Amino acid sequence: MSSPTFSRDLWDYLDDLKDYMPSRRDRDALVRAAEADAAKAKRIHIWDYFFRVHPEDLGRPQKKHIEVLTEKRKTDLRAARARAWRNGKRVAPLLLLGIVLLIAQSVWSLALIPGAAITFLGILALTWVVRARALTLRRIEREYQREVAQFKSAIEKLKSKIPAPPSHDQMYAWFKEDIEWLAEHALKETHLKTRKVTLDEGAPNPLCILGPAQLQNPKATPAPFADPRAPDLRKHLTASSFALLSDETFADFYGVYYIEFIIVALDMLGNYGCYFDFITGKMYGEHTAEMYYQDVVYLSTKDEYREINVNWFEPKRLVKAPTFAMSLASGDSVQVSFASIEYLNGLKAQIPKATLQLEPARWVNNPELVAEKAIKALRKSLRDHKGLSRSR
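Draft legend 1. Examining the overall build of the chain more closely. Helix and strand counts for the chain come out as nine helices and nine strands. For the chain, the proportion of its 392 residues judged to be buried stands at 43%. Contacts in the chain between residues at least 24 apart in sequence constitute 67% of all its contacts with a sequence separation of at least 6. For the chain, the computed accessible surface area is about 21800 Å², with 55% contributed by carbon and sulfur atoms.

Draft legend 2. Structural view of the sheet that holds strand β6 (residues 282-291). The four strands lie next to each other as β1-β4-β5-β6, forming an open sheet whose pairing is antiparallel. Sheet topology places β1 (207-212) and β6 at the edges, where each strand pairs with a single neighbour. Shown here is a sheet whose adjacent strand axes are inclined to one another by a mean of 15 degrees, direction ignored. In the sheet, strand β4 (residues 256-264) pairs with strand β5 (residues 269-277) via nine bridges, with the strands oriented antiparallel. Along β5, the bridge assignment pairs Glu260 with Gly273.

Draft legend 3. Geometry of helix α2 (residues 41-50). Counting buried positions along α2 gives eight out of ten residues, so the element sits mostly inside the fold. Here the buried face of α2 lies against α1 (24-36), α5 (168-190), α6 (231-238), β2 (240-244), β3 (250-254) and β5.

Draft legend 4. Spatial organisation of α5. Under the 1.5 Å per step criterion, the end-to-end length of α5 is 33 Å for 23 residues, consistent within 8% with the ideal 33 Å. Inspection of α5 places Met171, Tyr172, Trp174, Phe175, Asp178, Ile179, Leu182, Ala183, His185, Ala186, Leu187 and Thr190 among the buried residues, and these make up the whole buried set. Lining the buried residues of α5 we find α2, β1, β3, β4, β5 and β6.

Draft legend 5. Highlighting the environment of Met268. Relative to the helices and strands, Met268 resides in the loop between β4 and β5. Apart from the residues within four sequence positions on either side, Met268 is in contact with Leu192, Arg195, Ile263, Glu290, Met291, Tyr292 and Tyr293.

Draft legend 6. Inspection of the nonpolar core at higher detail. Counting residues in hydrophobic clusters, the biggest one holds 60 residues, and the most contacted among them are Phe50, Phe253, Ile259, Phe261, Phe278, Tyr343 and Leu344. Looking at this core, the element that brings in the most residues is α5, giving nine residues. Aside from chain neighbours lying at most four places away, what touches Ile259 is Ile179, Leu182, Cys208, Ile209, Leu210, Tyr272, Gly273, Cys274 and Phe276. Core analysis: the next-biggest nonpolar cluster, separate from the first, contains 31 residues, Val256, Tyr284, Leu328 and Phe338 among them.

How each quantity is defined
- Residues numbered from 1 in each chain as written.
- Predicted model: local features only at pLDDT ≥ 70, side-chain atom pairs only at ≥ 80, totals over all residues.
- Heavy atoms only, no water.
- Helix = DSSP H or I, 4+ residues; strand = E, 2+ residues; numbered from the N terminus.
- Buried < 20%, exposed > 50% of the residue type's maximum accessible area, 1.4 Å probe, protein only.
- Contact = heavy atoms within 4.5 Å.
- Areas by Shrake-Rupley, 256 points an atom, 1.4 Å probe, with all protein chains shown as cover.
- Pairing = 2+ DSSP bridges.
- Axes fitted to C-alpha atoms, helices over the stretch in contact; angles between N-to-C directions.
- Expected span 1.5 Å × (residues − 1).
- Core = buried A, V, L, I, M, F, W, Y, C linked by side-chain atoms within 4.5 Å.

Right, dumping it as structure tokens:
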């Protein structure tokens, strides 16, 4: 039985791990993009951060072949023992005859009976059978151990090729870098860069409100993420991670975000929104709008609930999703649902034996605080432009 040849390339085994890993095609697209533009190399590392090969799952084809070899070893050992038994039964009559002749020679002193010679030949033949049996069993065992050792060594080499994920701090730096780029992109798309105003208390302009894509209203999710022909994007949508940063704060990262930028300008508000794939750096469902201050009729945060997979290893459950809402006189609205401490406690389950108490003050970019600051800044701008500030 000739042994099959298995790939030495770690990424060739992703199809064996499709229960929680995207396809090789998904990662290879990032590799090709990085080869064309070195600035995109971080996307490969972000992919490696969210999608981590479990070492114990590697080498499934090799392990299946080891099972085949184990069964073959058992079959071969049984066959060798049976063959030795048959050969022994063939030799036994010769040995028995020799012993009988020796007894006859001893009793009747029949010198012509070659009992000793026949007994010797019988013993020699039986010794050969026993020795051949032992050699065959050792050969079968030796070949089995050699092949199994080769496959196990190949699996260990695959494990050694699992890339180390970037640190949580590095992920946070990349996240901030992307948000800054998106803020500039929002200003460019809305053409309001030269008309934006400075907000009080150091509030950023554009205001950025974001949350995990899978926490948004499912009806608003861009079609590519629900396309059965693109299962990799679905894994991007549900990718998430809880992170303890080096300064003893904590953060949460998601494969895909829903982001709304609200630009406060001299005479109007502008907004730019999209679903942002943090893994690939691509935007989906981009939209922009302009609205006059008198068109804004309602600002609030409210609690909504979503049924989602908090962790890939847990069934769906209902979680609270605080939601920022800005309603317009036309009936349109801007809404963003974001993570809550309850939601983060689910993510924290990714860390074995994690005992950290999640204090909102230690949550970097706490979305509830961000939303509160955004509402405060927007309300002040609305009062100023609607003349309400002078009447109070």
